[in-house]
Amino acid sequence: MNLADLNVGTTLDFKLHFSVEKISKYLVATGDGSDMWIRESIVPPPLVSAGILAELMKQVKLPANLMHTGQEQIAYSAVPANSDLLASVTLAQYSRRRGAIIATFEANLVDVTQVLLFRAKISGLVPLELS
Amino acid sequence: MEEYPDHLPTITLLISQALVDKYSEVSEDHNPIHKDTKAAYEGPFGKPVAHGMLVLSTASQIMATTFGKRWAEKGSLKVRWKSPTAIPSNVWTSAQLKSVSEEQIKYEIECKDNDDILLFSGTATLHLED
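Residues numbered from 1 in each chain as written. Chains lettered and ligands numbered in written order. Predicted model: local features only at pLDDT ≥ 70, side-chain atom pairs only at ≥ 80, totals over all residues.

J.: How would you explain the overall build of chain A if you had to name every residue and give the values?
T.: Secondary structure assignment for chain A yields three helices and five strands. Against the compact-globule benchmark of 14 Å for 131 residues, chain A has a radius of gyration of 16 Å, which places it among compact chains. Its C-alpha atoms give chain A principal-axis dimensions of roughly 50 × 35 × 20 Å. Every one of the 131 residues in chain A was classed for burial, and the buried ones make up 31%. If you take every contact in chain A between residues at least 6 apart in sequence, the share linking residues at least 24 apart comes to 71%. (Helix = DSSP H or I, 4+ residues; strand = E, 2+ residues; numbered from the N terminus. Rg over C-alpha atoms; globule rule 2.2 N^0.38 Å. Buried ≥ 20, exposed ≤ 12 C-beta atoms within 10 Å, placed from the backbone. Contact = placed C-beta atoms within 7 Å.)

Right under this line is the structure:
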């Protein structure tokens, strides 16, 4: 499905899982030399956001000229590695303003007992003259 | 009340094509604008640029370096991207103490490149209450 096919308020649910191997690769790919993430077996918060974004992009074809303009993330608890997690991502805003489409997704991440671990808000802009 | 540093140690990162390629793999974001491709030059930035989330990772690193696991447990980040990050670039992320209360400590975060162009700015907050 395409971004334009979604209505504001539409929620997509998917499963997430961050292996220690994935975290290790992420640390190398971001130049993060801290051993805390592996030692504590927890997921770096930006990797949580990146994982949510990756799954969102598998479900929704985002415009090629979409610019990621803003990012918010809130940790309520450390996100554990090697755990099954559930994400709900809602299209919170889709509007035209000043020659661009503004889209905002809001995501909640819970564990299998439905405890809220993490929230993210992803904002993007699509210039209409290029779309 | 616990004392907090006015400035956190700056994080520097060379955004090379090799690093961007590794990030593409781990993030599963293979958008051609992150490589030296025709699509990148015809895209919204007119040149290959790094993933915003790769550059943003430095903001989390700067907070985790000082606050450790507490950052992963009770940290929040709010940023706006101001400019795309060209490949290659050296980026510098800094954090300056903005406010302290019993509930939270807040730092202003900025990331700039070698030409002093602001790449993103925002706030990083560590929540102190359970």
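Back to the write-up after that little detour.
J.: Can you break down the overall build of chain B residue by residue, with the values?
T.: Looking only at helices and strands, chain B has four helices and five strands in total. Along chain B, helices and strands appear, N-terminal first, in the series β-α-α-α-α-β-β-β-β. By principal-axis analysis of the C-alpha atoms, chain B measures approximately 55 × 30 × 20 Å. In chain B, which comprises 130 residues, the proportion classed as buried is 40%. Counting contacts in chain B only where the partners sit at least 6 residues apart, residues at least 24 apart contribute 63% of the total.

J.: Break down the interface of chain A and chain B for me, citing the residues and quoting the values.
T.: Taken together, the contact between chain A and chain B spans 35 residues of the former and 31 residues of the latter. At the level of elements, helix H1 (20-30), helix H2 (36-40), helix H3 (45-59) and strand E2 (67-75) of chain A are the ones that each hand at least two residues to the side of chain A that touches chain B. The element contributing the most residues to the side of chain A that touches chain B is E2 of chain A, with nine residues. The residue inventory of the side of chain A that touches chain B, partitioned by class, reads 19 nonpolar, 11 polar and five charged. (Nonpolar A, V, L, I, M, F, W, Y, C, P; charged D, E, K, R; others polar.)

J.: Requested: an account of the sheet that holds strand E3 (residues 85-97) of chain A, with residues and values cited.
T.: Spatially, E1(A)-E3(A)-E4(A)-E5(A)-E2(A)-E2(B)-E5(B)-E4(B)-E3(B)-E1(B) is the arrangement adopted by the 10 strands of the open sheet, whose pairing is antiparallel. Looking along the sheet, the strands with just one partner apiece sit at the ends: strand E1 (11-16) of chain A together with strand E1 (7-15) of chain B. In this sheet, adjacent strand axes meet at a mean angle of 20° when their direction is disregarded. In terms of strand pairing, E3 of chain A meets strand E4 (residues 100-111) of chain A through 12 bridges, oriented antiparallel. (Pairing = 2+ DSSP bridges. Axes fitted to C-alpha atoms, helices over the stretch in contact; angles between N-to-C directions.)

J.: So what about the packing of H1 of chain A against helix H1 (residues 17-27) of chain B? Which residues, and what values?
T.: H1 of chain B packs onto H1 of chain A with a crossing angle of 155° between their chain directions and a minimal axis gap of 8 Å. Looking at the two axes, H1 of chain A sits roughly antiparallel to H1 of chain B. Relative to H1 of chain B, H1 of chain A is oriented so that their crossing is left-handed. Note on element contacts: H1 of chain B touches H1 of chain A through Leu19, Lys22, Tyr23 and Val26 of chain B, opposite Lys22, Lys25, Tyr26, Val28, Ala29 and Thr30 of chain A. Considering only residue class, the contact of H1 of chain A with H1 of chain B consists of six nonpolar, one polar and three charged. (Parallel < 35°, antiparallel > 145°, perpendicular 65-115°, else oblique. Left-handed = near helix turned anticlockwise from the far one by under 90°.)

J.: Hey, could you go over unusual backbone geometry for me, with residue numbers and the actual values?
T.: Glycine aside, residues mostly have negative phi angles, and peptide bonds mostly take the trans form. Across the junction of Ile87 of chain B and Pro88 of chain B, the peptide omega takes the value 0°, indicating a cis bond. Considering the arrangement of structural elements, one finds Pro88 of chain B in the loop between strand E2 (75-81) and strand E3 (89-100). One non-glycine residue, Asn82 of chain A, adopts positive backbone phi at about 55°. With respect to the helices and strands, the residue Asn82 of chain A is situated in the loop between E2 and E3. Of note, the phi angle at Arg98 of chain A is positive, near 50°, even though the residue is not glycine.

J.: Go over H1 of chain B with me, naming the residues and quoting the values.
T.: Buried within H1 of chain B we find Val20, Tyr23, Val26 and Ser27 of chain B. Take H1 of chain B and look down its axis: the buried residues cluster within an arc of 125°, on one side only. For H1 of chain B, the elements touching its buried residues are H1 and H3 of chain A together with E1 and helix H3 (52-67) of chain B. Phi turns positive one or two residues past the end of H1 of chain B, at Glu28 of chain B, with a value near 60°. (Arc of directions from axis to C-beta.)

J.: I'd love a proper account of the packing of H3 of chain A against H3 of chain B, names of residues and values included.
T.: Between H3 of chain A and H3 of chain B, the shortest axis-to-axis distance is 9 Å and the interhelical angle comes to 155°. Of the possible angle classes, the one that applies to H3 of chain A and H3 of chain B is roughly antiparallel. Contacts from Pro45, Pro46, Ser49, Ala50 and Leu53 of chain A in H3 of chain A reach Met53, Leu56, Ser57 and Ser60 of chain B in H3 of chain B.

J.: If you had to explain the nonpolar core to someone new, which residues and values would you point to?
T.: Counting 60 residues, the largest nonpolar core has Leu109 of chain A together with Val55 and Ala59 of chain B as its most contacted members. With eight residues, H3 of chain B is the single largest residue contributor to this core. Apart from the residues lying within four places of it in its own chain, the contact partners of Ala59 of chain B are Leu77, Val79, Thr93, Ile109, Cys111 and Ala124 of chain B. (Core = buried A, V, L, I, M, F, W, Y, C linked by C-beta atoms within 7 Å.)

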